[in-house]
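So you can see what is in the structure, the chains are spelled out below.
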Amino acid sequence: MLEPALLPTPLVDCTDEVFARAGVELRLKRDDLLHPTVPGNKWRKLAPNLAAAVERGHTRLLTFGGAYSTHLRAVAAAAAALGLESVGLVRGEELADRPRNWSLRAAERDGMRLEFLTRTEYREATGRAADGQGGAADDLQRRWGPCLVLPEGGSNALAVVGAAAIPAELPDLGARDVVCCPVGTGGTLAGIAAGLPPGARALGVAVLRGGEGYLEAEVAGLHRAAYGRGFDNWRIDHAHHGGGYGRVPAELAAFAERFERRHGVPLERRYVAKLLAALADLAGAGAFPPGTRLTAVVTGLPDPEQSGAGRT
């Protein structure tokens with residue numbers, strides 16, 4: 001049985017001098033506290049997919065991730081709790097014969113069968129998976145057995161609807177509000193934007209380099225898949241990826257450590273720290289009009305080891 005989630009997650013005012021000098025309010029939406037084994041945006045995106053899997057009688061989940069993928073661990077834990085099998089297709093065939101890192105060990109402890117693909121095979125497989133429907137899913141099932149295919153990062157139409165519940169937990173949203181999240185595959189940003197009331201806006205901070213245009217197309221595609229239309233209340237900042245996915249430069253690590261000391265909130269480095277560092281930089285540069293209220297969604301927990309990469 002999958003344990004219930006803590007809903008709504010806590011909303012915490014965060015008094016910080018960088019934002020105060022700019023006349024900007026900051027508050028944290030603590031989705032990192034949402035669930036003990038499927039934390040943050042992973043639960044938001046997985047919950048409706050898991051419900052669909054059970055309803056359709058699936059007994060196995062198949063998904064994708066890198067060597068340190070939070071998504072792989074979350075799917076493995078959720079599948080185990082529901083009595084489902086799970087298969088994880090991992091980017092990097094060279095990892096097959098190496099000792100498992102802490103992340104892959106956790107997935108295997110929860111019963112996930114790991115299959116290691118070359119980077120070319122991985123790109124082809126994730127490209128075919130699309131939204132987990134139709135002939136592409138059939139092709140994957142012929143190779144790995146009957147299963148429900150979940151895309152990389154868990155971002156599909158059902159996931160967007162799950163993430164759209166976040167704004168409903170934020171009181172009094174209006175024209176001065178910007179709800180912010182890190183962006184890896186786009187599902188959480190797409191959901192937040194879809195769930196906002198008129199006037200409020202969404203801001204995503206890209207955590208991978210070179211995503212200009214591509215990530216915007218992904219979010220727009222998710223909106224069409226989930227709602228049959230687009231939304232014009234969101235944008236993505238591409239200037240604060242820290243050098244690329246999984247990279248945590250010294251300046252970012254120092255920012256995260258200072259923030260943790262000041263506010264007592266542990267920061268996951270590859271997503272959440274980049275988000276908050278970006279907001280601090282933008283606020284300091286006057287990018288937000290005075291009176292703006294920023295809500296930063298803390299999408300996940302720190303890794304047990306604050307290192308490693310692998311797009312989730």
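Refer to the structure above for everything that follows.
All chains use their own residue numbering, which begins from 1 and follows the written sequence. Side-chain atom pairs in this predicted model are given and counted only at pLDDT of 80 or more, local residue features only at pLDDT of at least 70, and totals for whole chains, interfaces and linings cover all residues. Only hydrogens and water are set aside; all other atoms, that is, all heavy atoms of the structure, feed into the side-chain values.

### Here we look at the overall build of the protein chain
Working definition: helices are DSSP H or I runs of at least four residues, strands are E runs of at least two. Numbering for both runs from the N terminus. Helix and strand content of the protein chain: twelve helices and ten strands. Restricting the calculation to C-alpha atoms gives the radius of gyration, and the globule rule supplies 2.2 Å times the number of residues raised to the power 0.38. Its C-alpha radius of gyration of 19 Å places the protein chain within 12% of the 20 Å reference for a compact globule of 312 residues. Dimensions of the protein chain, computed from C-alpha atoms along their principal axes, come out at roughly 55 × 40 × 35 Å. Working definition: with a 1.4 Å probe on protein chains only, accessible area under 20% of the residue-type maximum means buried, over 50% means exposed, and in between means partly exposed. For the protein chain, the proportion of its 312 residues judged to be buried stands at 57%.

### Examining the nonpolar core
Formed by 57 residues in total, the largest nonpolar core has its most connected members in Leu28, Leu279 and Leu294. In terms of residue count, the dominant contributor to this core is helix α12 (residues 269-284) (eleven residues). Residues are treated as being in contact if the distance between any of their heavy atoms lies within 4.5 Å. Non-local contacts of Leu28, meaning those with residues more than four positions away in its chain, are made with Pro10, Leu11, Val12, Cys14, Phe259, Val265, Leu276, Ala296 and Val298. Among the nonpolar cores identified, the runner-up in size contains 27 residues, and Trp43, Leu84, Ala107 and Met112 belong to it. Residues belong to a common nonpolar core when they are buried Ala, Val, Leu, Ile, Met, Phe, Trp, Tyr or Cys residues joined through side-chain atoms within 4.5 Å.

### Concerning the pattern of salt bridges
We count a salt bridge whenever a side-chain nitrogen from Lys or Arg sits within 4 Å of a carboxyl oxygen from Asp or Glu. Tallied over the full model, the rule gives 18 salt bridges. For Arg21, the salt bridge identified is with Glu17, shortest N-O distance 3.3 Å. Here the residue Arg21 and the residue Glu17 both occupy positions in helix α1 (residues 17-21), the gap between them amounting to four residues, near one helical turn. With respect to burial, Arg21 and Glu17 carry one shared label: exposed. Measuring nitrogen to oxygen at the nearest pair gives 2.6 Å for the salt bridge that ties Asp177 to Arg293. Here Asp177 is found in strand β7 (residues 177-183), whereas its partner Arg293 is found in strand β10 (residues 293-297), with 116 residues between them in sequence. Assigned by exposure class, Asp177 and Arg293 land together as buried. Three or more residues joined by partner-sharing salt bridges are found here, namely Lys29, Asp31, Arg44 and Glu169.

### Thoughts on unusual backbone geometry
Cis geometry marks the peptide bond from Leu7 to Pro8; its omega dihedral reads -10 degrees. Following the sequence through the fold, Pro8 ends up in the segment before β1 (11-13).

### Description of the packing of helix α9 (residues 187-195) against helix α10 (residues 214-227)
All axes here are fitted lines through C-alpha atoms, helices being fitted over the stretch that makes contact, and every angle between N-to-C directions spans 0 to 180 degrees. It is at 9 Å that the axes of α9 and α10 come closest, and there the two elements cross at 55 degrees. The orientation of α9 with respect to α10, classified from their angle, is oblique. Considering the relative orientation of α9 and α10, their crossing is right-handed. Here Gly187, Leu189, Ala190, Ala193 and Ala194 of α9 lie close against α10, whose contacting residues are Val219, Leu222, His223 and Tyr227. Reported orientations rely on four angle classes, namely roughly parallel under 35 degrees, roughly antiparallel over 145, roughly perpendicular from 65 to 115, and oblique for the rest. Handedness of a crossing follows from how the near helix is turned relative to the far one, being left-handed for an anticlockwise turn of less than a right angle and right-handed for a clockwise one.

### Side note on the pairing of β10
Across the five residues of β10, five count as buried, placing the element largely inside the fold. By the alternation rule, side chains of β10 split into Arg293, Thr295 and Val297 and Leu294 and Ala296, which are all buried. Following DSSP output, two strands are said to pair if at least two bridges run between them. Sheet topology note: the strand β2 (residues 25-29)/β10 ladder contains five bridges and is parallel. Of the residues in β10, the one forming a bridge with Leu28 is Ala296. Both β7 and β10 contribute to a ladder of four bridges, which runs parallel. Residue pairing for β10: Val178 is matched across the bridge by Leu294.

### Concerning the sheet that holds β7
With respect to topology, six strands assemble into an open sheet ordered β1-β2-β10-β7-β8-β9, the strand pairing being mixed. Whereas interior strands pair on both sides, the edge strands pair on one side only; in this sheet they are β1 and β9 (234-237). Strand-to-strand twist of the sheet, defined as the mean angle between neighbouring strand axes without regard to direction, takes the value 25 degrees. Those strands touched by α10 are β7, β8 (201-206) and β9, and its axis lies near 150 degrees from that of β9.

### Examining the packing of helix α2 (residues 40-55) against helix α3 (residues 70-82)
At their nearest, the axes of α2 and α3 sit 11 Å apart, and the two run at 40 degrees to each other. In terms of orientation, α2 lies oblique with respect to α3. Between α2 and α3 lies a crossing whose hand is right-handed. For the pair α2 and α3, the contacting residues are Lys42, Leu46, Leu50 and Val54 in the first and Thr70, His71, Ala74, Val75, Ala78 and Leu82 in the second. In this classification, Asp, Glu, Lys and Arg are treated as charged, Ala, Val, Leu, Ile, Met, Phe, Trp, Tyr, Cys and Pro as nonpolar, and every other residue, Gly included, as polar. Along the lines of polarity and charge, the residues of the contact of α2 with α3 split into seven nonpolar, two polar and one charged.

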